[in-house]
Number of protein chains: 2
Amino acid sequence: MDYDKILPGIIKKTDSKILLIVMDGVGGLPHPETGKTELETAKTPFLDEMAEHSSCGLTIPVLSGITPGSGPGHIALFGYDPVEVQIGRGVLECLGIGAPVEKDDIAIRGNFATISPEGIVTDRRAGRIATEENKKIVSIISEKIKEIKGVKVSIYTVKEHRCAIVLKGSGLAPSVSENDPQKEGLPLKPITALDKPSEKTAEVLRELEDRVIEILKGVDTPAKGLLFRGISKLPDIKGFAEKYKLNAACIATYPMYKGVAKVVGMDVIDGLDTIEGEVDALKELYDKYNFFFLHIKKTDSYGEDGNFDAKVKIIEEADRYLSKIKGMKFGAIAVTGDHSTPALLKSHSWHPLPLMINSPYAIADDVKRFTERECAKGILGKVYSKEIMYLLLAYSLKLDKFGA
Amino acid sequence: MDYDKILPGIIKKTDSKILLIVMDGVGGLPHPETGKTELETAKTPFLDEMAEHSSCGLTIPVLSGITPGSGPGHIALFGYDPVEVQIGRGVLECLGIGAPVEKDDIAIRGNFATISPEGIVTDRRAGRIATEENKKIVSIISEKIKEIKGVKVSIYTVKEHRCAIVLKGSGLAPSVSENDPQKEGLPLKPITALDKPSEKTAEVLRELEDRVIEILKGVDTPAKGLLFRGISKLPDIKGFAEKYKLNAACIATYPMYKGVAKVVGMDVIDGLDTIEGEVDALKELYDKYNFFFLHIKKTDSYGEDGNFDAKVKIIEEADRYLSKIKGMKFGAIAVTGDHSTPALLKSHSWHPLPLMINSPYAIADDVKRFTERECAKGILGKVYSKEIMYLLLAYSLKLDKFGA
């Protein structure tokens, strides 16, 4: 990004505090009967009052028309280019279940699969075994395999046939071909290093593949081996402290978002599970940090369920709890989402979504409500999500002049 | 483009159909007496009703302030970066007259010129000979020169002193210096290969230059030789089938647009010459394709003529015929132009022009008419032409999520 060329010369450390509120999947589409979106239907006196005193706009999460997953959606909100900085599937799987992945670790999505004695993959999902059975198998394997060639191997149950694997050790790199044949009735594909630095990883995975097959021979389960997918490591990026000179806290309830926040160097606050608890945590931690990422999950979940009314309710609930931040002093506050999740589509979508930036230095525009169509009229116009961090830094007066 | 990095992983084939209606040069400027643009003056009940139910915006054809020719204007609408993907002048000349140019062919714009026996170019346009005389000369040359060094040579009359030349054969590349001295009173410039792969092309053109001079010595005409310009070949790009998994039809009346559509792999429907015929063709072909590019030419032609009233009339005519698509089912429809052609300027211009996207998943905004000033208030905001294809794919649900 062009920002990377400019930022190191102009970023400065100041006392002002930034609050980034992400209402996951908050953008929506009109209800066929009322013609109103979820945000337009909800009563949100706090957000609306804030919009009245803010600069508003619409965000494009990645590129026009592109629907982001949670990874790219948040990486962009944290000020990185989501096309340049892609978080591998293996890493995302680990982050999603809260499995620890650190710099230089290799993270992998695993499928338990049924494999014939001749090495043919006959069921890539081992009959979708129950999560409990998965846990039992993982515990058997974990007991027998702790280390391979000096590399620590950790396996975690995800759900049904899915698990996550983390390799920790020196000299590992992720450019390794996957053994998943993608179709049933085919043999396991050979695990091959695609470059020199990845040779050790390939060796470890070949041995892991063999040993798991060996162990599962003696276990009464359709799971007879492991398919390795999305072999990846953390992206090599500067974290918030180095990039923005910010001391950042992540206030979130779900592992995925805590995980992505950790990738960019935020301190992750644990033990939170309600919006109320999150707002309380923000108040408690106010003195300790100068950047807060506050993530509200359920707006997305109800959108994915296609539950328009529940999404409206959770927006109203969020509005009520967020109103407690009144009186707290921030150099700049942004409220937006990582993408839209219209109940109508029951999935993430590409639609631009509302953004407001509140700051003593933001021009209030004509926008009276925090909704898609109102914010479309705002003074910020269309903003790429990856630009928001730089706006927050600017509005909280943390950026010097560029050039003389 | 960043889209190229994402698209292969998320594009999917579905049954939904896309319609891209391009009203060439439709954008305009206010009439000095009425203060209204061509679109604002025209009565367009169909387009206005559609705008009322669509997401609207303004398109920037290439970059702010840049006036595009038809090539870049359409290449952008087809989802390619018009700065990266440039169609050479020779290729455009051939496409414009419907001369067949295929992958690996070399296409050239030719000028018949007056050249003295000493090889000095005394008139770069051979006194602008009549098109009829051009045709006569082309037929004499074509009879005597069919092939040079195994390369098939085809010459086509364009207009007055202008012709187009296509070289077809193996081992050709277009990096060859032109023999046009650009000024009169100077000798023909030497034809030189600028890289190794273009050496054969240079040899063929040197021989063609000599043989044409030899042939024209015996003909009673001021045309005594050929200047070669815009030596080029088709851009090396993925077509619609590979890039978008779309089976695309071009419904257009003019060779230039059919030509550009062919470059991106559309099937070109021949024999059309009215808007009514084009809309009928759309109905007939509906089952056969899942992407339709419908091009309306005359809005541009009357703009170029400076004929404000005729442009208004043709917009009204287009509105009437387009209204026949009511009731046809599309996943997404876009209506826009490739650029503005204000009658006031009698030429293409850089002004952003109206865009609307109609789809079950498009939020209707406050826009009530398909005009420049109304669409400027739309929820899509400013959209680069090259983004429109990706929006159409998104709105017709042909794109999967990017990242997990």
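Student: Describe the overall build of chain A, with residues and values.
Tutor: Secondary structure summary: chain A contains 14 helices and 15 strands in total. In summary, chain A has a C-alpha radius of gyration of 23 Å against a globular reference of 22 Å for 404 residues, a match within 12%. Along the first, second and third principal axes, the C-alpha atoms of chain A reach 70 × 55 × 35 Å. For chain A, contacts bridging at least 24 residues in sequence account for 70% of all contacts bridging at least 6.

Student: How would you explain the domain arrangement of chain A if you had to name every residue and give the values?
Tutor: Residues and elements named next belong to chain A. Considered domain by domain, chain A is made up of domain 1 (7-86 + 237-395) and domain 2 (92-232). On a C-alpha basis, the centres of domain 1 and domain 2 stand 36 Å from each other. Domain 1 puts five residues into the contact, and the matching count from domain 2 is five residues. Sort the elements by how many residues they give to the side of domain 1 that touches domain 2 and helix H9 (residues 255-263) lands first, with four residues. Partitioning the side of domain 1 that touches domain 2 into residue classes produces three nonpolar, two polar and no charged.

Student: Describe the environment of Gly119 of chain B, naming the residues involved and giving the relevant values.
Tutor: All names here are of chain B. Within the secondary structure, Gly119 is located in the loop between strand E3 (106-115) and strand E4 (120-123). Note on Gly119: 11 C-beta atoms within 10 Å, which makes it exposed. It is 9.7 Å that separates the C-alpha atoms of Gly119 and Gly185, two residues lying 66 residues apart in sequence. Those residues in contact with Gly119 that lie beyond four places of it in its chain are Pro187 and Leu188.

Student: Can you tell me about helix H4 (residues 70-77) of chain A, naming the residues and giving the values?
Tutor: All names here are of chain A. Within H4, eight of the eight residues are buried, leaving the element largely enclosed by the surrounding structure. For H4, the complete set of buried residues consists of Ser70, Gly71, Pro72, Gly73, His74, Ile75, Ala76 and Leu77. Of the surrounding secondary structure, the elements contacted by the buried residues of H4 are strand E1 (18-23), helix H5 (89-97), H9 and helix H14 (388-395).

Student: Please give an account of the packing of H5 of chain A against H9 of chain A that cites residues and values.
Tutor: Residue and element names in this part refer to chain A. Where H5 contacts H9, the two axes come as close as 6 Å, and the packing angle between them is 120 degrees. Taken together, the axis directions place H5 and H9 in an arrangement best described as oblique. In terms of crossing hand, the pair formed by H5 and H9 is right-handed. Two secondary-structure elements touch here, H5 through Leu95, Gly96 and Ile97 and H9 through Pro255, Met256, Gly259 and Val260. Broken down by class, the residue content of the contact of H5 with H9 amounts to five nonpolar, two polar and no charged.

Student: Describe the sheet that holds strand E14 (residues 353-358) of chain A, listing the residues and the values that go with them.
Tutor: Residue and element names in this part refer to chain A. Pairing in this open sheet of eight strands is mixed, and the strands run E11-E10-E12-E1-E13-E14-E2-E15 from one edge to the other. Of all the strands in the sheet, the pair left with one neighbour each is strand E11 (267-268) and strand E15 (381-384). Alignment of E1 against strand E13 (residues 332-336), held across five bridges, turns out to be parallel. Bridge pairing links Ile21 to Val335 in E13.

Student: Give a description of the relation of the copies chain B and chain A that names residues and reports values.
Tutor: Taken as rigid bodies, chain B and chain A are interconverted by a rotation of 124 degrees and an axial shift of 0.2 Å, the fit giving an RMSD of 0.1 Å. The superposition operator between the copies reduces to a three-fold rotation axis. Interface residue correspondence from chain B to chain A reaches only 5%, placing this contact among heterologous pairings that use different surfaces.

Student: Run through unusual backbone geometry, naming residues and quoting values.
Tutor: Most peptide bonds are trans, and most residues other than glycine sit at a negative phi. In this structure, Leu397 of chain A is a non-glycine residue whose phi angle is positive, near 60 degrees. Of note, Lys149 of chain B is a non-glycine position whose phi angle comes to about 50 degrees, a positive value. Along the chain, the position of Lys149 of chain B falls in the loop between strand E5 (147-148) and strand E6 (151-159). By the C-beta count within 10 Å, which is 13 here, Lys149 of chain B ends up partly exposed.

Student: Account for the confidence of the model for chain A, with residues named and values stated.
Tutor: Residue-level pLDDT values for chain A average 96, and 100% of them are 70 or greater. For this predicted complex, the interface confidence comes out at an ipTM of 0.90, alongside a pTM of 0.91.

Student: How would you explain the sheet that holds strand E2 (residues 55-60) of chain B if you had to name every residue and give the values?
Tutor: Residues and elements named next belong to chain B. Taken in spatial order, the eight strands make up an open sheet running E11-E10-E12-E1-E13-E14-E2-E15, and their pairing is mixed. Each edge of the open sheet carries a strand with a single partner, namely strand E11 (267-268) and strand E15 (381-384). Examined bridge by bridge, strand E10 (residues 248-251) and strand E12 (residues 291-296) share four bridges and lie parallel to one another. Looking at the pairing, Cys250 lines up with Phe293 of E12. With respect to the sheet, helix H3 (residues 45-52) is in contact with E2, strand E13 (332-336) and strand E14 (353-358), its orientation differing from that of E14 by roughly 65 degrees. Set on the sheet, helix H14 (residues 388-395) makes contact with strand E1 (18-23), E2, E13, E14 and E15; between it and E13 the angle comes to about 155 degrees.

Student: Kindly report on the pairing of strand E10 (residues 248-251) of chain A, identifying the contributing residues and their values.
Tutor: Residues and elements named next belong to chain A. Because side chains alternate across E10, one face comprises the buried residues Ala248 and Cys250, and the other comprises Ala249 and Ile251, equally buried. Where E10 meets E11, two bridges bridge the pair, whose relative direction is parallel. Each residue of the ladder has a partner; that of Ala249, found in E11, is Asp267. With H9 bridging E10 and the parallel E11, this β-α-β connection has right-handed handedness.

Student: Tell me about H9 of chain A, residues and numbers included.
Tutor: Residue and element names in this part refer to chain A. In terms of residue burial, H9 counts as a mostly covered element, since eight of its nine residues are buried. Among the residues of H9, those classed as buried are Met256, Tyr257, Lys258, Gly259, Val260, Ala261, Lys262 and Val263. Of the surrounding elements, those touching the buried residues of H9 are H4, H5, E10, E11 and strand E12 (291-296).

The rules behind the values
Counting of residues starts from 1 at the beginning of each chain's written sequence and follows it residue by residue. Chain A is the first chain written and ligand 1 is the first ligand written, with later ones labelled in order. Owing to the predicted nature of the model, reporting of local features is limited to residues with pLDDT of at least 70; listing and counting of side-chain atom pairs is limited to 80 or more, with chain, interface and lining totals taken over all residues. Counting from the N terminus, the helices are the DSSP runs of H or I reaching at least four residues and the strands are the DSSP runs of E reaching at least two. The quantity called the radius of gyration is restricted to C-alpha atoms. Its globule counterpart is 2.2 Å times the number of residues to the power 0.38. Here contacts are defined at the residue level, using C-beta atoms placed from the backbone and a cut-off of 7 Å between them. Segmentation of the chain into domains, including their bounds, is taken from an automatic or database domain assignment. Only Asp, Glu, Lys and Arg are considered charged, only Ala, Val, Leu, Ile, Met, Phe, Trp, Tyr, Cys and Pro nonpolar, and every remaining residue, Gly among them, polar. Field definition: a residue is buried when 20 or more other C-beta atoms are found within 10 Å of its C-beta, exposed when 12 or fewer are, and partly exposed for counts in between, with C-beta atoms placed from the backbone. To obtain each axis, a line is fitted to C-alpha atoms, and for helices this fit is confined to the stretch in contact; angles are then taken between N-to-C directions over 0 to 180 degrees. Orientation categories follow fixed angle ranges, with anything under 35 degrees roughly parallel, anything over 145 roughly antiparallel, 65 to 115 roughly perpendicular, and all other angles oblique. By definition, turning the near helix anticlockwise from the far helix through less than a right angle yields a left-handed crossing, and turning it clockwise yields a right-handed one. Should DSSP find at least two bridges between two strands, the strands are taken to pair. To superpose the copies, least squares is applied to the C-alpha atoms of every residue with a pLDDT of at least 70 in both. As a per-residue measure, pLDDT tells how confident the predictor is, with possible values from 0 to 100. We call a crossover right-handed when, viewed with both strands directed away from the observer, the connection leading from the first strand over the helix to the second proceeds clockwise.

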